[in-house]
Amino acid sequence: MIASVRGKVAAVSLSTAIVEVGGVGIELLCTPNTLATLRTGEEAHLPTSLVVREDSLTLFGFTDTDERTLFELLQTASGVGPKLAQAMLAVLSPDGIRLAIAGEEAKTLTKVPGIGQKGAQRIILELKDRIGAPTGTASAPAPTAAAAPWRDQVTEALVGLGYNARDADKAVTAIEPEAGDQANISLLLRAALRTLSKA
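Residues numbered from 1 in each chain as written. Predicted model: local features only at pLDDT ≥ 70, side-chain atom pairs only at ≥ 80, totals over all residues. Heavy atoms only, no water.

A.B. asks: What exactly am I supposed to notice about the nonpolar core here?
C.D. replies: Soluble globular proteins tend to bury their nonpolar side chains together. Membership of the largest hydrophobic core comes to 47 residues, with the highest contact counts inside it found for Leu-74, Leu-109, Val-154 and Leu-158. Listing elements by their share of this core, those giving two or more residues are helix H2 (65-74), helix H3 (82-91), helix H4 (94-102), helix H5 (106-109), helix H6 (117-127), helix H7 (150-160), helix H8 (165-175) and helix H9 (185-198). In contact with Leu-109, other than residues within four places in its own chain, are Met-88, Leu-92, Ala-100, Ile-101, Ile-115, Ala-120, Ile-123 and Ile-124. Within the second largest apolar cluster, eleven residues are counted, among which are Cys-30, Leu-35, Leu-38 and Ala-44. (Core = buried A, V, L, I, M, F, W, Y, C linked by side-chain atoms within 4.5 Å. Buried < 20%, exposed > 50% of the residue type's maximum accessible area, 1.4 Å probe, protein only. Helix = DSSP H or I, 4+ residues; strand = E, 2+ residues; numbered from the N terminus. Contact = heavy atoms within 4.5 Å.)

Here you go:
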């Protein structure tokens, strides 16, 4: 089990980061929120979760151990795999997920692409007694260094969550006035998802 990685960030793409550890570049799948905190060439320390499949080994990276713990807990619900758990963390904060499940707010969970009303109710039923209380310690993701790349990051994140490229592009254009000088990827992604849910 690889519990965490520490090293220099070699590259950051729209859905992954590569961290150099002991001369080896390790690829991590991360949410846009986590990627927004990373800078190429700078040191990073990311808690990780290794997902083993017959045909692949995939390492997921997180901003903190709270996100990783929740990622692993969400997968104990039937029908929730690593990609859906990661999508939930991309759309909602860890405490947002806890509040939705504890408060039986299925509508909040259905904002996540891939979760319908029945799926949300099943997740609530299976995790309500185990999700725990909100921690209140989640830190806001850092804004990206430049405003320009945010469009690509948000568009790619939406496509990764299951939306087609045209709809994703329309949603990104709709929220452009909200971007300002320093784009916060996490907030913009949530704004784009709200736009798509209204469409």
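Once the structure has been displayed, the description carries forward.
A.B. asks: Explain the pattern of salt bridges to me, please; I cannot follow it from the model alone.
C.D. replies: Where charged atoms from two side chains of opposite charge approach closely, those side chains can pair. Enumeration according to the criterion identifies five salt bridges in this entry. Ionic pairing is found between Arg-151 and Asp-169, a salt bridge with its closest N-O pair at 3.4 Å. Here Asp-169 lies in helix H8 and Arg-151 lies in helix H7, a separation of 18 residues in the sequence. Using a relative accessible area of 38% as the deciding quantity, one classes Asp-169 as partly exposed. Several salt bridges converge on common partners, so that one network encompasses Asp-66, Asp-95 and Arg-98. (Salt bridge = Lys/Arg side-chain N within 4 Å of Asp/Glu carboxyl O.)

A.B. asks: What am I meant to see in the packing of aromatic side chains here?
C.D. replies: For any pair of aromatic rings, geometry is given as the distance between the ring centres together with the angle between the planes. Summed over the entire model, instances satisfying the criterion amount to two aromatic pairs. Consider the rings of Phe-60 and Phe-71, whose centres lie 5.0 Å apart with planes at 40°: the pair is tilted. Remark: Phe-71 occurs in helix H2 and Phe-60 occurs in strand S5 (residues 56-61); sequence separation between them is eleven residues. Phe-60 gets classed as buried once you look at its relative accessible area, which sits at 3%. Centre to centre, the rings of Phe-62 and Phe-71 are 4.8 Å apart; their planes meet at 50°, and the pair counts as tilted. (Phe/Tyr/Trp six-rings, centres within 6.5 Å; stacked < 30°, edge-to-face > 60°.)

A.B. asks: Looking at this model, I keep getting lost on the packing of H2 against H3. Mind explaining?
C.D. replies: For any two helices packed against each other, one specifies the crossing angle of their axes together with the interaxial distance. H3 packs onto H2 with a crossing angle of 135° between their chain directions and a minimal axis gap of 9 Å. Taken together, the axes of H2 and H3 lie oblique to each other. You can see that H2 and H3 cross each other, and the crossing is right-handed. Along its contact with H2, which presents Glu-67, Leu-70, Phe-71 and Leu-74, the element H3 presents Pro-82, Ala-85, Gln-86, Met-88 and Leu-89. Grouping the amino acids of the contact of H2 with H3 by side-chain chemistry returns seven nonpolar, one polar and one charged. (Axes fitted to C-alpha atoms, helices over the stretch in contact; angles between N-to-C directions. Parallel < 35°, antiparallel > 145°, perpendicular 65-115°, else oblique. Left-handed = near helix turned anticlockwise from the far one by under 90°. Nonpolar A, V, L, I, M, F, W, Y, C, P; charged D, E, K, R; others polar.)

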